[in-house]
Amino acid sequence: MIINIPTADELTERADALLQLSYSMVSKLYENQREEWRQDADDEQLREYWEKCAPSLANALALLQQAHELYLKGKIAAVSPYLLLAREPQHWPKKSALEDISFSEFLTVGASELPRLHDMVCTPRLDSKTQTFLNTIRERRNMFVHQGHAPTASAAELFEAALITHKWAHPDTPWFEARQAYLNDDHLSALYSSDHVMANLHGEFAELLAELKPASFKQLLGFDKKSRWFYCLNCERQMGDYGEAELTAQLGATEQESVVNCLVCGECTPVLRRKCYDPDCKSIVHAVSTERWDETCLICRTDEHFEVRKAEQESIFGSMVTWDLTPTER
């Protein structure tokens, strides 16, 4: 009897883990060369840095291809896991009819044949664009694994490939929702806590905003890269003191009200239009007051108590001293 037969959910979960690990590897490499870290590094130093990162980028590419293989196997296994067995019964392990044999002992369909098998038994079939994408990643992975040659790849290319993979595998799940779930359960969260996760997500948002082209950004993340961005107060509350928030929200609307939609946390915050409390700020977009925060400008983050704090500080320190009047607790 064949035992330890993988389920579709198990294969998909493993694929998700490989995809996220691949992305984390590239993100960490990118973080090392961001402006606040490298400071005085010139173009030549950055070129040398990425050349030395080539083996690591190739490893990330290999993990991504393995994720593709497991995603396809998961979709096929949802029909029947036995479809993954590559040979006829007479070529199965000799004792498989006499004793229990683990599924892993059997030869399974090769990576190059999985797309064809998928299209024979699954619906919808892979479109031509997805087939080309999967085949390209597989060929480049083989170049690295079988020839020892690290294929030329950039952080931007691998970021985009990971997002394309996720959108194909989980078309109804936003990328940052999946990314947050993964980071909340990673090794750092297990050892310490998940308090750092939102700060990490904002750093990764900045990477994607810098590296993805507008068309890819819109297609893969659903937001217009060139439109105006605003702060998300929900993200800031979750971030605490772990980092500086990026502007991650854009204006939208529901049937009842205007809102800003946050790409990172997915929350919609109702907004109103009014002149900012700070006369030096030209913004007219403010978060509506709730139990969680006061009415707050989503550009400079000045809230409705600006004048009170300004008067209090000037009475103590004098009007010639300039202080940060942005609330420290929002």
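Just so we're clear, the structure is a prediction, and the values are computed from it rather than from any experiment. (Residues numbered from 1 in each chain as written. Predicted model: local features only at pLDDT ≥ 70, side-chain atom pairs only at ≥ 80, totals over all residues. Heavy atoms only, no water.)

Asks: Help me understand helix 1 (residues 8-32) in this model?
Replies: Owing to its 3.6 residues per turn, the α-helix brings residues three or four apart onto one side. Compared with an ideal rise of 1.5 Å per residue, which puts 25 residues at 36 Å, helix 1 spans 37 Å between its outermost C-alpha atoms and is within 8% of the ideal. Listed in full, the buried residues belonging to helix 1 are Ala8, Leu11, Ala15, Leu18, Leu19, Gln20, Ser22, Tyr23, Val26, Ser27, Leu29 and Tyr30. Considering only its buried residues, helix 1 is in contact with helix 3 (43-52), helix 4 (54-77), helix 7 (155-169), helix 8 (175-184) and helix 10 (197-211). (Helix = DSSP H or I, 4+ residues; strand = E, 2+ residues; numbered from the N terminus. Expected span 1.5 Å × (residues − 1). Buried < 20%, exposed > 50% of the residue type's maximum accessible area, 1.4 Å probe, protein only. Contact = heavy atoms within 4.5 Å.)

Asks: Got a minute to help me understand the pattern of salt bridges in this structure?
Replies: Where charged atoms of side chains with opposite charge meet at close range, the side chains can pair. For the coordinates displayed, the defined rule picks out nine salt bridges. The network of salt bridges with common partners includes Glu44, Arg47 and Glu51. (Salt bridge = Lys/Arg side-chain N within 4 Å of Asp/Glu carboxyl O.)

Asks: Is there a simple way to think about helix 10 in this case?
Replies: Over its 15 residues, helix 10 runs 21 Å from end to end, which matches the ideal 21 Å to within 8%, given 1.5 Å per residue. What helix 10 keeps buried is the set Val197, Met198, Ala199, Leu201, His202, Gly203, Glu204, Phe205, Ala206, Glu207 and Leu208. The secondary structure elements touched by the buried residues of helix 10 are helix 1, helix 7, helix 8, helix 9 (187-191), helix 11 (214-221) and helix 12 (233-239).

Asks: Could you clarify how one ought to interpret the sheet that holds strand 7 (residues 296-297) in this entry?
Replies: Strand pairing within a sheet occurs via backbone hydrogen bonds; the two strands may be parallel or antiparallel. The five strands are arranged 3-4-5-6-7 in an open sheet whose pairing can be described as antiparallel. Edge positions in the open sheet fall to strand 3 (249-253) and strand 7, since each of these has one partner strand only. Pairing of strand 4 (residues 258-262) with strand 5 (residues 268-273) involves three bridges; the strand directions are antiparallel. The partner of Val260 across the bridge, within strand 5, is Thr269. (Pairing = 2+ DSSP bridges.)

Asks: Looking at this structure, how should I read the pairing of strand 4?
Replies: Remember that side chains alternate between the two faces of the sheet whenever the strand is regular. Alignment of strand 3 against strand 4, held across five bridges, turns out to be antiparallel. Residue Gln250 lies in a different strand from strand 4, and its bridge partner there is Asn261. In sequence, strand 4 turns back onto strand 5 through a hairpin of five residues, with Gly266 there showing a positive phi of about 80°.

Asks: Looking at this structure, how should I read the side chain of Glu207?
Replies: Within the fold, Glu207 resides in helix 10. Ignoring any residue separated from it by four or fewer positions in sequence, one finds Glu207 in contact with Ser27, Tyr30, Glu31, Arg34 and Phe159.

Asks: Looking at this structure, how should I read a nonpolar patch on the surface?
Replies: Residues Leu188, Leu191 and Tyr192 make up a contiguous nonpolar surface patch of roughly 360 Å² in combined accessible area. Note on placement: Tyr192 falls in the loop between helix 9 and helix 10. (Patch = residues over 30% accessible without salt bridge, like charges linked within 9 Å, V, L, I, M, F, W, Y side chains within 5 Å. Areas by Shrake-Rupley, 256 points an atom, 1.4 Å probe, with all protein chains shown as cover.)

Asks: Just to check I follow, could you spell out the side chain of Gln20 for this structure?
Replies: For Gln20, the location among the structural elements is in helix 1. Excluding residues within four positions of it along the chain, Gln20 makes contact with Trp175, Ala178, Arg179 and Tyr182.

Asks: Mind showing me how you'd approach unusual backbone geometry here?
Replies: Following Thr123, the chain continues to Pro124 via a peptide bond in cis, the omega torsion being 0°. The topology assignment puts Pro124 in the loop between helix 5 (114-121) and helix 6 (128-147). In the Ramachandran plot, Asn4 falls in the positive-phi region, its phi being about 55° despite a non-glycine side chain. Locating Asn4 in the fold gives a position in the loop between strand 1 (2-3) and helix 1. Relative accessible area serves as the criterion here: at 58%, Asn4 is assigned to the exposed category. A positive phi angle, close to 65°, is found at Arg301, a residue other than glycine. Here Arg301 is to be found in the loop between strand 7 and helix 13 (306-317). For Arg301, a relative accessible area of 13% puts it in the buried group.

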